[in-house]
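# Reading the structure
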Amino acid sequence: MRIGILTGGGDCPGLNAVIRGAVRAAEVTYDSTVIGFRNAWRGVMEDDYEPLDVEVCRGILPRGGTILGTSRDQPFAREDGLKLVRKAYDRHGLDAIIAVGGEGSMGVVNELHQNGFPVIGVPKTIDNDIQLTEMTFGFQTAVQICTDAIDRLHTTAESHHRVLVVEVMGRHVGHIAIWSGLAGGAAMTLTPEEPFDIEEVCERIVGRHRKGRYATIIVVAEGALPKPGTFQIPEPEVDSYGHKVLGGIGHILEREIHGRTGIETRTTVLGHIQRGGSPVAFDRVLGTRFGVAAVEAALDGAWGEMVALQQGRIGRVPVKDAIGSLKTVAPDLLRLNTMFQPRLPGDDHPGIPE
Ligand code: F6P
């Protein structure tokens, strides 16, 4: 087979493991060839590509980012997009394109499949919010980076008896926030799944600090929102692709917490640090498994399917079933999060004694 591969959307540790896995499986096991399109669908439409082989992929496994580059360009945003994609298939004699990307990219895979293109999806996002796959590579790396940061912040928070707010990624879901909040022993973690009441957050903080010896770490997902009717936050700006540019809720919380409690409060926004650098072992292995599985899906002609992690094994699902909604944090983890926050009188759960 001749296979094209591309990486789209925000980058993510483990993308190079997918590319390497796909190339090795294609070349060594299945006597096939792979070309890589640069900067996602832009490379397909502008014929910007490079031949990939085992030699080219040497040494990329521990590298963050993507050797192919990425963009949010996609064929359905241009009038001539589909025609250009068809040309690319013909020009290179492609039997398949493997598209590695997030929710938006999986939407493109679905539409291309419906237009008759042989295409396979590989789910990618540090946010871990794609349906029907238990995990996406990059997520564990992001969680580890956040946990390491929280560990460091504990000691300085304690020295100053401060509240430290840590803002982590998670546009629509709180997977990174909950995992790193639990792993880092945050006092409270605020997620998009459960809008917060600022009064209540402050009461819990004051309760802790009244005991005299506590500092407080609050983890907040960038997409977390106050409960409607509590207080207003400004609308985020929108980038050239129509995506809301998030980041800022941490500083808003800092202002509110300081203003309402009088306790000195500071904010750390981890931002793109969460997406950079070397993937942890889990993400390298998952990326490798996804890359190999995507080539095998192409060889099976499983067009319009997405590889997925299900009960620890690699399977495939129709990409149409994986889009349209996002995978939110499971109720048991949300409950665990609530159990580990400072207790208030009237809480209907045991909480943690202070
Ligand atoms: O979707 C993954 C993600 O990392 C989000 O958590 C974050 O909001 C967004 O990408 C940031 O995107 P950009 O790289 O365009 O700033």
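Residues numbered from 1 in each chain as written. Predicted model: local features only at pLDDT ≥ 70, side-chain atom pairs only at ≥ 80, totals over all residues. Heavy atoms only, no water.

Moving on to the pattern of salt bridges. Pairing is possible between side chains of opposite charge, provided their charged atoms come close. Scanning the model with the defined rule gives 17 salt bridges in all. A salt bridge links Arg38 to Asp48, with the shortest nitrogen-to-oxygen separation between them at 2.5 Å. With Arg38 in the loop between strand E2 (33–37) and helix H2 (41–46) and Asp48 in the loop between H2 and strand E3 (49–52), this residue pair connects regions lying 10 residues apart in the sequence. By relative accessible area, which is 26% here, Asp48 ends up partly exposed. A salt bridge links Arg78 to Asp80, with the nearest nitrogen and oxygen atoms 3.1 Å apart. Via salt bridges that share partners, Glu199, Arg255, Glu256 and Arg260 belong to a single interconnected network. (Salt bridge = Lys/Arg side-chain N within 4 Å of Asp/Glu carboxyl O. Helix = DSSP H or I, 4+ residues; strand = E, 2+ residues; numbered from the N terminus. Buried < 20%, exposed > 50% of the residue type's maximum accessible area, 1.4 Å probe, protein only.)

Turning to the sheet that holds strand E6 (residues 163–168), a few remarks are in order. Taken in spatial order, the 4 strands of this open sheet run E7-E8-E6-E9, and their pairing is parallel. Since the sheet does not close on itself, it has two edges, and those belong to strand E7 (188–190) and strand E9 (265–269), each with one partner. For this sheet, the mean angle separating the axes of adjacent strands, direction not counted, is 20°. In this sheet, strand E8 (residues 216–221) lies alongside E7 in parallel orientation, the contact comprising 3 bridges. Bridging across to E8, Thr189 finds its partner in Val219. Contacts between helix H8 (residues 249–261) and the sheet are confined to E6, E7, E8 and E9, with E9 contributing the most and set at about 175° to the helix. (Pairing = 2+ DSSP bridges. Axes fitted to C-alpha atoms, helices over the stretch in contact; angles between N-to-C directions. Contact = heavy atoms within 4.5 Å.)

Of all 6 residues in strand E4 (residues 96–101), 6 are buried; the element is thus mostly enclosed. Side chains of E4 alternate between two faces, with Ala96, Ile98 and Val100 and Ile97, Ala99 and Gly101 buried alike. Examined bridge by bridge, strand E1 (residues 2–7) and E4 share 5 bridges and lie parallel to one another. Within E4, the residue paired with Ile5 across the bridge is Ile98. As paired elements, E4 and strand E5 (residues 119–123) share 5 bridges and run parallel to each other. The residue bridging Ala99 from the neighbouring strand is Gly121, located in E5. For the segment spanning E4, helix H4 (residues 103–114) and E5, crossover handedness is right-handed. (Right-handed = clockwise from strand over helix to strand, strands pointing away.)

To continue, consider the site of the ligand. All residues in the neighbourhood of the ligand are listed as Arg72, Ile126, Asp127, Met169, Gly170, Arg171, Glu222, His272 and Arg275. Interatomic distance of 2.6 Å between a side-chain N/O atom of Glu222 and an oxygen atom of the ligand. Interatomic distance of 2.7 Å between a side-chain N/O atom of Arg275 and an oxygen atom of the ligand. Burial of the ligand by the protein amounts to 78% of the accessible area it has alone, namely 400 Å². The class makeup of the residues in the shell around the ligand is 2 nonpolar, 2 polar and 5 charged. (Near = heavy atom within 4 Å. Polar contact = N/O pair within 3.5 Å; in protein donor to acceptor, adjacent residues only side chain to side chain. Areas by Shrake-Rupley, 256 points an atom, 1.4 Å probe, with all protein chains shown as cover. Nonpolar A, V, L, I, M, F, W, Y, C, P; charged D, E, K, R; others polar.)

So, about helix H9 (residues 281–299). Over its 19 residues, H9 extends 27 Å from the first C-alpha to the last, a length consistent with the 27 Å expected when each residue adds 1.5 Å. Looking at H9, one finds that the buried residues are Asp283, Leu286, Gly287, Phe290, Gly291, Ala293, Ala294, Val295, Ala297 and Ala298. Phi for Gly301, located one or two positions after H9, is positive at around 70°. (Expected span 1.5 Å × (residues − 1).)

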